[in-house]
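Listed below are the residues making up each chain.
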Amino acid sequence: MKKFKTLSLILFTLSFSTLAKEDASKLITQVDNQTSHLNIEISDGPYVFKNKSKSSFTSFWVCDGERKQEITLIDNYPHKFNSCGLSAEVTSGLVKEDNILEYSGDFKIAATSDFHGQYKLMMQLLQNNNIIDTQGNWSFDNGHLVITGDVFDRGDQVTEILWFLYKLEKQALRVGGQVHLLLGNHEVMTLNGDLRYLNPKYEYTANTLNIPYDELFSKESILGNWIRSKPVLVKINNMLFTHGGFHPSLAKEKRTLSEINTVFKANLVKSELSTKREGWGKYLHKKNGPIWYRGYFKVKDEGASNEEIELLLHHFNVKNIIVGHTSQKQIETRHEGKVIAIDSSIKNGKYGEVLLIDGNNKWRGTLSGEMIPLENTP
Ligand code: ZN
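All values derive from a computational prediction rather than experimental measurement. (Residues numbered from 1 in each chain as written. Predicted model: local features only at pLDDT ≥ 70, side-chain atom pairs only at ≥ 80, totals over all residues. Heavy atoms only, no water.)

### Remarks on the coordination of the zinc ion
Link 1 in the chain: Taken together, D150 (OD), N185 (OD1), H243 (NE2) and H325 (ND1) make up the full set of protein donors to the zinc ion, lying 2.1 to 2.2 Å away.
Link 2 in the chain: Here the zinc ion is ringed by four donor atoms whose angles at the metal span 86 to 165°, and the overall shape comes out irregular.
Link 3 in the chain: Counting residues between consecutive donors of the zinc ion along the chain gives the motif D-x34-N-x57-H-x81-H. Taken together, the positions of H243 in the loop between β11 (239-242) and α8 (248-252) and H325 in the loop between β12 (320-323) and β13 (332-334) put the pair 82 residues apart, joining distant regions of the chain.
Link 4 in the chain: H325 sits in the buried class, given a relative accessible area of 6%. (Donors = N, O, S within 2.8 Å, 3.2 Å for Na, K, Ca; no water. Tetrahedral: all angles 85-135°; square planar, octahedral: opposite > 155°, others 65-115°. Helix = DSSP H or I, 4+ residues; strand = E, 2+ residues; numbered from the N terminus. Buried < 20%, exposed > 50% of the residue type's maximum accessible area, 1.4 Å probe, protein only.)

### As for the sheet that holds strand β15 (residues 354-358)
Link 1 in the chain: In spatial order, the strands read β9-β8-β7-β15-β16-β17; together these six strands make up an open sheet with mixed pairing. Two strands in the sheet have a free side with no partner beyond their single neighbour: β9 (178-181) and β17 (371-373). Direction aside, the axes of adjacent strands within the sheet are offset by 25° on average.
Link 2 in the chain: Where strand β16 (residues 361-365) and β17 come together, three bridges link them in antiparallel fashion. Among the inter-strand pairings, R364 is bridged to a residue of β17, identified as I372.
Link 3 in the chain: Most of the contacts of helix α4 (residues 158-174) go to β9, to which it runs at about 145°, and overall it touches β8 (144-147) and β9. (Pairing = 2+ DSSP bridges. Axes fitted to C-alpha atoms, helices over the stretch in contact; angles between N-to-C directions. Contact = heavy atoms within 4.5 Å.)

Here it is as structure tokens:
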């Protein structure tokens, strides 16, 4: 409890000094919102790290506000790490990068995006649309579930989402299905220590464990290594998925999907690079790169034109580009249905949708599990 009080005080002091000029009542509300859910003993984790010596792991939890650490030797997988009701089943040591970017076949596809720590809402959405069962296990058979990034930041159940997707991916593979978690700007920000949108709960975790939050996702951590193995895009049948979008210059310069992903990934974490990001590698991490681009949603001069969208579709040989990142109230389309926007504002914690695809048919799967045929908007 003492730690909690200290943190509240720090948060209050910080907020007070930076917002001193703002209206006082607004300030109080803001501080209350930031800390109200910290008014309980926090539990978080596990954060599991592979040690240099073979088969040894160090795992950390925050259990009821207190630091907990374990060192475990693992002979065979899977191994369940468990403390204070927070568990994770680790199915392998560190993994290699997944370089397969294209899939095709006769299976259903579901796509959603931008969970931002909203674990409960995500579970409800996936359950009601029969992607998982009531126990949270994969029930989408040989279907493919695409999540176009931004699991991190804003909400307070990021760890839960990560371990859930880590598990779900293995369950899907066992029955011929697949989970595609793509990198969004918030994954890349977290790995790079840009923690501007971090929920106060995770500041508490980092302080309690005495490990900077980004280092909880280092290359040696099970989750950090797993996230680093993920691509920035995936093409499934005649659809192309990424977090923000593909700038028309990528088609004009005839860049391949593999080239975009490889160069993007080679420049992923600044502190792990031998030289500074430069040239095209730097461009791919800036505002017109695949995790930040918003050009499909802007008015004519600033955004992509219909001709440019056509050029992109033709170059990548797809019918649709499906993106998250730019939030809508529900799943919507742009450019006569060629672009589909699947960030349905799950981040607000109230509502969300999943795009359901079967052959050429597409539906908005609502939070209650209703299937509404996708129509061209606006
Ligand atoms: Zn984003």
